[in-house]
Amino acid sequence: MRDTAAAPALSEALLDWYDRHARRMPWRVGPAARAAGLRPDPYAVWLSEIMLQQTTVAAVKSYFEAFTRRWPTVEALAAAEDADVMAAWAGLGYYARARNLLKCARVVVSDHGGAFPADHDALLKLPGIGPYTAAAISAIAFDIPATVVDGNVERVMARLHDEHTPLPAAKPILTEHARALTPAARPGDHAQAVMDLGATICTPKNPACGLCPWRPVCAAWGAGTAAELPKKTPKKAKPVRHGIAYLARRVDGAWLLETRPESGLLGGMLGWPGSDWVGLEDTPRPAPPIQAEWKTLGEEARHTFTHFHLRLALCTALVPMDRTPGRGTFVPAEEFRPADLPTLMRKAFDLARPR
DNA sequence: AACACGGGGTA
DNA sequence: TACCCAGTGTT
């Protein structure tokens, strides 16, 4: 694809494909509703785009439905308790997104009268909204011809132009290619169409070029290089870290939990009291959070984070009613929901709970 | 520019 | 088990 004069024809072919193949999603306005002049709700667009950062459509769907059922408007979300939002986000990962989601909702209510700004630069100033999300909301919710570049778009552009420069160095080049294709009409549908194309046809492995509306103009198709693009600079191996967690159950069934610090790993989420996680296997253990007869479990909780593997040793104890914890708070059995825990802490619970 | 930050899926 | 995928904020 070298001829930029062909851009309008390319976008037209893509929109035609999109109208026939668009995936149904809870936050999308369907073709019939769009034809009737209905615009997407900016709150729904924003919420879905935050959830979709680094996360697949399949993982997001049920969370999006739960959030919009419980908090149907940005005003409702802004008024929510922090702990309720963090618990509802549990399992979705990248918990800074949930903290910024609440911050953003509160700024939109207090500084913008409850309406998301229809302006790329104003959106960019909001917590949790970066270049991708600002462009996505501009295009999808407000019909502004912003250029939306996510990992799908990068891959599609790398192949369309047979660009062999490795990411992330290639990002400005790929962004410029995407900008040249962005149409004045239906920019939101165009953006979603490129991302859908990347998610369903122009996939990382085994791209379905035979079904691609852009195959006739795709440079990588011509060169036979589609499957090896985009090139990426090699990533480094994940080290292993070790730690220990204390799971205390009081005789009345209450569990001893603490809210983790706002910043850092699993920030703001519930967790079991324990040690820091370090590179050495044999490290001094911190004092248990409460005096009891502690037993070490035979099995460790294993979990992989973005940049390290964790092996978490587990200690359990059954605690009499009259003890006071030095760390954490007992959560009564009827209030404790394992689903409110991030995945690592839920794995630890599943190994340690009485069976 | 490099790093921190989860979880799910496939081979 | 190992590898792949994917935006924002901080430093």
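Residues numbered from 1 in each chain as written. Chains lettered and ligands numbered in written order. Predicted model: local features only at pLDDT ≥ 70, side-chain atom pairs only at ≥ 80, totals over all residues. Heavy atoms only, no water.

Where an unreviewed UniProt entry is consulted, chain A appears under the name Adenine DNA glycosylase, with the organism given as Roseivivax sediminis. In its Catalytic activity (unreviewed entry) section, the UniProt entry covering chain A states "Hydrolyzes free adenine bases from 7,8-dihydro-8-oxoguanine:adenine mismatched double-stranded DNA, leaving an apurinic site." A UniProt comment under Function (unreviewed entry) is attached to chain A, and it reads "Adenine glycosylase active on G-A mispairs. MutY also corrects error-prone DNA synthesis past GO lesions which are due to the oxidatively damaged form of guanine: 7,8-dihydro-8-oxoguanine (8-oxo-dGTP)." (UniProt positions renumbered as here; feature names shortened; annotations may be inferred.)

## Quick word on empty space enclosed by the protein
Scanning all chains against the criterion turns up two cavities of 30 Å³ or more. Considering only enclosed or pocket space, the largest cavity measures out at about 120 Å³ in volume. If you trace the largest cavity, you find 14 residues lining it, with R159, C202, C209, C212 and C218 closest to the centre. The element best represented in the lining of the largest cavity is helix α10 (residues 151–160), accounting for three residues. Of the residues belonging to the lining of the largest cavity, the class tally is 12 nonpolar, no polar and two charged. Counted as a void, the second largest cavity has a volume near 70 Å³. If you trace the second largest cavity, you find it lined by A146, T147, V148, V153, M157, A178, T182, P187, H190, A191 and V194. Looking at which element gives the most residues to the lining of the second largest cavity, the answer is helix α12 (residues 187–200), with four residues. Taken together, the residues of the lining of the second largest cavity break down into eight nonpolar, three polar and no charged. (1 Å grid on protein atoms, 1.4 Å probe; cavity = no way out; pocket = protein on both sides within 12 Å on 5 of 7 lines; lining within 4 Å. Points joined across faces, edges and corners; volume = space filled by probe spheres on them. Helix = DSSP H or I, 4+ residues; strand = E, 2+ residues; numbered from the N terminus. Nonpolar A, V, L, I, M, F, W, Y, C, P; charged D, E, K, R; others polar.)

## Description of the layout of surface pockets
Its boundaries defined by the atoms lining it, the second largest pocket holds a volume of some 590 Å³. Along its surface, the second largest pocket is lined by 26 residues, and A83, D84, M86, A87 and L270 are the ones closest to its centre. Of all the secondary-structure elements, those providing two or more residues to the lining of the second largest pocket are α6 (82–89), α7 (96–112), β2 (255–259) and β7 (329–331). Element by element, the count of residues in the lining of the second largest pocket is highest for α6, at six residues. For the lining of the second largest pocket, the class distribution of residues is 12 nonpolar, three polar and 11 charged. Per-domain counts for the lining of the second largest pocket show at least three residues from each of domain 1 (4–228) and domain 2 (240–352). (Domains from an automatic or database assignment.)

## Topic: the UniProt feature "domain: HhH-GPD" (unreviewed entry) in chain A
The feature "domain: HhH-GPD" (unreviewed entry), as annotated in UniProt, sits at residues 51–200 in this numbering. Within the segment residues 51–200, helix and strand shares are 65% and 0% respectively, and the terminal C-alpha atoms sit 19 Å apart.

## Some remarks on the packing of aromatic side chains
As enumerated under the stated definition, the model contains 14 aromatic pairs in all. Between F67 and W89, the ring centres sit 5.7 Å apart and the planes meet at 90°, which makes this aromatic pair edge-to-face. Linking F67 in helix α4 (residues 57–70) with W89 in helix α6, this pair joins segments that are 22 residues apart in sequence. Like W89, F67 is buried. Members of the aromatic cluster, joined through ring pairs, are W255, W272, F336 and F349. (Phe/Tyr/Trp six-rings, centres within 6.5 Å; stacked < 30°, edge-to-face > 60°. Buried < 20%, exposed > 50% of the residue type's maximum accessible area, 1.4 Å probe, protein only.)

## With respect to the packing of helix α3 (residues 42–52) against helix α9 (residues 131–142)
Running from amino to carboxyl end, α3 crosses α9 at an angle of 145°, the nearest separation of the two axes being 10 Å. When the axes of α3 and α9 are compared, the crossing they make is right-handed. For the pair α3 and α9, contact is made by P42, V45, W46, E49 and I50 and by Y132, T133, A136, I137, I140, A141 and F142, respectively. Residue composition of the contact of α3 with α9, grouped by class: 10 nonpolar, one polar and one charged. (Axes fitted to C-alpha atoms, helices over the stretch in contact; angles between N-to-C directions. Left-handed = near helix turned anticlockwise from the far one by under 90°. Contact = heavy atoms within 4.5 Å.)

## Remarks on the environment of L160
Among the secondary structure elements, L160 is positioned in helix α10. Residues L160 and C218, 58 residues apart in the sequence, show an inter-C-alpha distance of 4.4 Å.

## What about the domain arrangement of chain A?
Interface extent is often summarised as the accessible area lost during association of the parts. Domain annotation of chain A identifies domain 1 (4–228) and domain 2 (240–352). Tallying the contact residues gives seven residues for domain 1 and 11 residues for domain 2. Each partner contributes to the roughly 700 Å² buried at the junction of domain 1 and domain 2, and carbon and sulfur atoms together form 55% of this total. Counting across the domain 1 and domain 2 interface gives zero salt bridges. The tally of links between domain 1 and domain 2 comes to two residue pairs in polar contact (both at pLDDT 80 or more). Residue composition of the side of domain 1 that touches domain 2, by class: five nonpolar, one polar and one charged. (Buried area = accessible area lost by both parts, 1.4 Å probe. Salt bridge = Lys/Arg side-chain N within 4 Å of Asp/Glu carboxyl O. Polar contact = N/O pair within 3.5 Å; in protein donor to acceptor, adjacent residues only side chain to side chain.)

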